[in-house]
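Each chain, letter by letter, is given below.
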Amino acid sequence: MDVRSLVEEHGTPVYVIDEADLRLRARTFVEAFRAAFAEVGTSVDVYYAGKSFLSVAVARWVREEGLRVDTCSGGELAVAVRAGVPGPEIGLHGNNKSDDEIRRAIELRVGRIVIDSAAEVERVATLAREAGRTSSDPVPVMLRVTTGIHAGGHEFISTAHEDQKFGVSLAGGAALAVLRDVLAHPELDLVGLHSHIGSQIQDPAGFRAAASALLGLRAELRDVTGRLVPEVDLGGGYGIAYTSDETPIDVAHLARELAQIVRDACAELGTALPAISIEPGRAISGPAGVTVYRVGVVKPVTVSGGSGGSGGSGGSGASGEAEEASDGSTFVRTYVSVDGGMSDNIRPALYGATYSVRLADREGAAGVLRSRVVGKHCESGDILLPDVELPADVAPGDLLAVPATGAYGRSMASNYNNLLKPPVVAVRDGVSTVLVRRETEEDLLALDLG
Ligand SMILES: *Cc1c(COP(=O)(O)O)cnc(C)c1O
């Protein structure tokens, strides 16, 4: 679809999702993982990590492609339910689930509640009993295990104790003790072990190490209790390309590698293969989304005393190639302001996440302008792209497109400065459909009781 007609119809900023692309990525995970694990003799369920972006339509699409839905709050559960996803095809995570959330998950008969702490065992068991669940109809639970492996980006750090809030550590027998506690509760059914080691992972070594650690714990639990849990969830975090310098993880290759690790580890441990589940989020929704903004103000800013080194928050820093003034001690940086910013994409400010950008409504003039693309918020750190090349004639009224914003854009959006959250528009076969409409001032004021 022509981006100009899309914008004419839906305005800016707008999140655009390519439905066919999202569906294909979802299907690819199911097909690649099922094929690879079938080869070694076991099955795979793919849960779409709803936190990356969940709407009723997207939940339906992924379900149609054979996925289940992973949620971590009452709100996400509500969207999945509205989409008609049956409870048994939903998972519920979270390090601090409320009693209400747990109660709803039990009522909905979700496929698994992922227990995240020692204290949560008794809470879930109590709520299960209150709901009338007994050993003949127990509530399926998993335990989130912290394997000591944390991965993300190109990092791969192994530590004995992870200083973070999720899960129960393998170290010192902590996870094993919680698992035994779960088994001592007849109203709970321990269906598996879970691990999620991080996000935006490009190096499969972390997945390999985590899978081995979980399978080892599974064998240990069998040795101690005689109980071999049927399922192992390897989590999400599959890396995507945010810029042309990055390479997305090769899903089919990773699936084959993981299948071999699971097969070999189980053979070594003398256990039957578990059923496998995985939870990709950004790798499904991220590359399918593009945010389109309109340029408002283009402002050359003379920066003194430097070579154009890093400035603002978050970016990898300006390159020093900005136009140098004749005396070499000042340079001009062009600030290109768009009509959104940190409220529709917090990732650059939050994590220093990098993106690319294109002039989207016309062909630009020759020559490039080293630019910083910023939002409209009252915050100097409201920088979307700290240092990018745009055509030299970029001007007010132009459209800029930022790709790979389908994950953790709308789902992390805020109303900072009382900006209105942009709509999410799906495109397919030359037709655009609003999945989530643009917020209005009435929406904002409806919450304000005066
Ligand atoms: C965030 C998260 C995911 C998905 O991560 P992606 O990087 O979007 O693939 C999966 N599982 C759990 C438990 C998570 O917290």
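Each value, and the rule that gives it
Residues numbered from 1 in each chain as written. Predicted model: local features only at pLDDT ≥ 70, side-chain atom pairs only at ≥ 80, totals over all residues. Heavy atoms only, no water. UniProt positions renumbered as here; feature names shortened; annotations may be inferred. 1 Å grid on protein atoms, 1.4 Å probe; cavity = no way out; pocket = protein on both sides within 12 Å on 5 of 7 lines; lining within 4 Å. Buried < 20%, exposed > 50% of the residue type's maximum accessible area, 1.4 Å probe, protein only. Contact = heavy atoms within 4.5 Å. Helix = DSSP H or I, 4+ residues; strand = E, 2+ residues; numbered from the N terminus. Near = heavy atom within 4 Å. Polar contact = N/O pair within 3.5 Å; in protein donor to acceptor, adjacent residues only side chain to side chain. Areas by Shrake-Rupley, 256 points an atom, 1.4 Å probe, with all protein chains shown as cover. Salt bridge = Lys/Arg side-chain N within 4 Å of Asp/Glu carboxyl O. Pairing = 2+ DSSP bridges. Points joined across faces, edges and corners; volume = space filled by probe spheres on them. Nonpolar A, V, L, I, M, F, W, Y, C, P; charged D, E, K, R; others polar. Domains from an automatic or database assignment. Axes fitted to C-alpha atoms, helices over the stretch in contact; angles between N-to-C directions. Parallel < 35°, antiparallel > 145°, perpendicular 65-115°, else oblique. Left-handed = near helix turned anticlockwise from the far one by under 90°.

Looking at an unreviewed UniProt entry, one finds the protein named Diaminopimelate decarboxylase and attributed to Paraoerskovia sediminicola. UniProt lists a comment for the protein under the heading Cofactor (unreviewed entry), and it reads "pyridoxal 5'-phosphate". UniProt annotates the protein under Subunit (unreviewed entry) with the comment "Homodimer."

A. Spatial organisation of the UniProt feature "binding site: substrate" (unreviewed entry) in the protein. UniProt tags Arg-282, Arg-347, Tyr-351, Glu-379 and Tyr-408 as "binding site: substrate" (unreviewed entry). These annotated residues cover 127 residues of sequence, and their C-alpha atoms reach 27.2 Å apart at the extreme, placing them across more than a single site. As for the annotated residues named above, the ones lining the largest pocket are Arg-282, Arg-347, Tyr-351 and Tyr-408. Classification of Arg-347 by relative accessible area gives buried; the value is 6%. For Arg-347, the contacting residues outside a window of four places in its chain are Tyr-242, Arg-282, Gly-352, Ala-353, Tyr-355, Ala-407, Tyr-408 and Met-412. Turning to its location among the elements, Tyr-351 is positioned in helix α11 (residues 347–351).

B. Structural view of the site of the ligand. Taken together, 16 residues surround the ligand, and among them Lys-51, Ser-199, Gly-237, Glu-279 and Tyr-408 come closest. Between the ligand and Ser-199, the relevant distance is 2.7 Å, taken from an oxygen atom to a side-chain nitrogen or oxygen of the residue. In the model, an oxygen atom of the ligand is placed 3.0 Å from a nitrogen or oxygen of the Gly-281 main chain. Here the ligand, which alone exposes 390 Å², has 95% of that area covered by the protein.

C. Just the pattern of salt bridges, in detail. Here the structure, examined in full by the defined rule, presents 30 salt bridges. Between Arg-103 and Asp-100 there is a salt bridge, and its shortest N-O distance comes to 2.8 Å. Of the two residues, Arg-103 and Asp-100 both sit in helix α5 (residues 99–108), three residues apart, roughly one turn of that helix. The exposure class assigned to Arg-103 is partly exposed, which follows from its relative accessible area of 33%. Salt bridges sharing partners connect three or more residues here, namely Glu-19, Arg-23, Arg-27, Glu-64, Glu-65, Arg-428 and Asp-429.

D. Geometry of the pairing of strand β20 (residues 424–428). Burial analysis of β20 places four of its five residues in the buried class, the great majority of the element. Here strand β1 (residues 14–18) runs beside β20; their pairing, made up of four bridges, is parallel. Each bridged residue has a counterpart across the sheet, and for Ile-17 the counterpart in β20 is Ala-426. As judged from the five bridges shared by β20 and strand β21 (residues 431–436), these two strands associate in the antiparallel manner. Along β21, the bridge assignment pairs Val-425 with Val-434. Between β20 and β21, which pair antiparallel one after the other, the connecting turn spans two residues, and Asp-429 there sits at a positive phi close to 50°.

E. Broad picture of the layout of surface pockets. The computed volume of the largest pocket comes to approximately 1,000 Å³. Around the largest pocket, the lining comprises 43 residues; the ones closest to its centre are Lys-51, Phe-166, His-196, Gly-198 and Ser-199. Listed by contribution, the elements that provide at least two residues to the lining of the largest pocket are β3 (68–71), β6 (139–146), β7 (149–152) and α11. Broken down by class, the residue content of the lining of the largest pocket amounts to eleven nonpolar, 22 polar and ten charged. Each of two domains, domain 1 (19–285) and domain 2 (289–405), supplies a minimum of three residues to the lining of the largest pocket. The calculated volume of the second largest pocket comes to roughly 340 Å³. Lining the second largest pocket are 16 residues; nearest its centre among them are Ser-244, Ser-356, Val-357, Arg-358 and Val-388. Secondary structure elements with two or more residues in the lining of the second largest pocket: β16 (358–359) and β18 (383–391). Top contributing element to the lining of the second largest pocket by residue count: β18, with four residues. Split into classes, the residues belonging to the lining of the second largest pocket amount to six nonpolar, six polar and four charged.

F. Expanded view of the packing of helix α8 (residues 205–225) against helix α9 (residues 251–269). For the pair α8 and α9, interaxial distance at closest approach is 10 Å and the crossing angle is 30°. By the criterion of interaxial angle, the relationship of α8 to α9 is roughly parallel. The two elements α8 and α9 cross, and the hand of that crossing is right-handed. The segment α8 lies against α9, with Phe-207, Arg-208, Ala-211, Ser-212, Leu-215, Gly-216, Arg-218, Ala-219 and Arg-222 engaging Leu-254, Glu-257, Leu-258, Ile-261, Val-262, Ala-265, Cys-266 and Leu-269. Looking at the contact of α8 with α9, its residues break down into eleven nonpolar, two polar and four charged.

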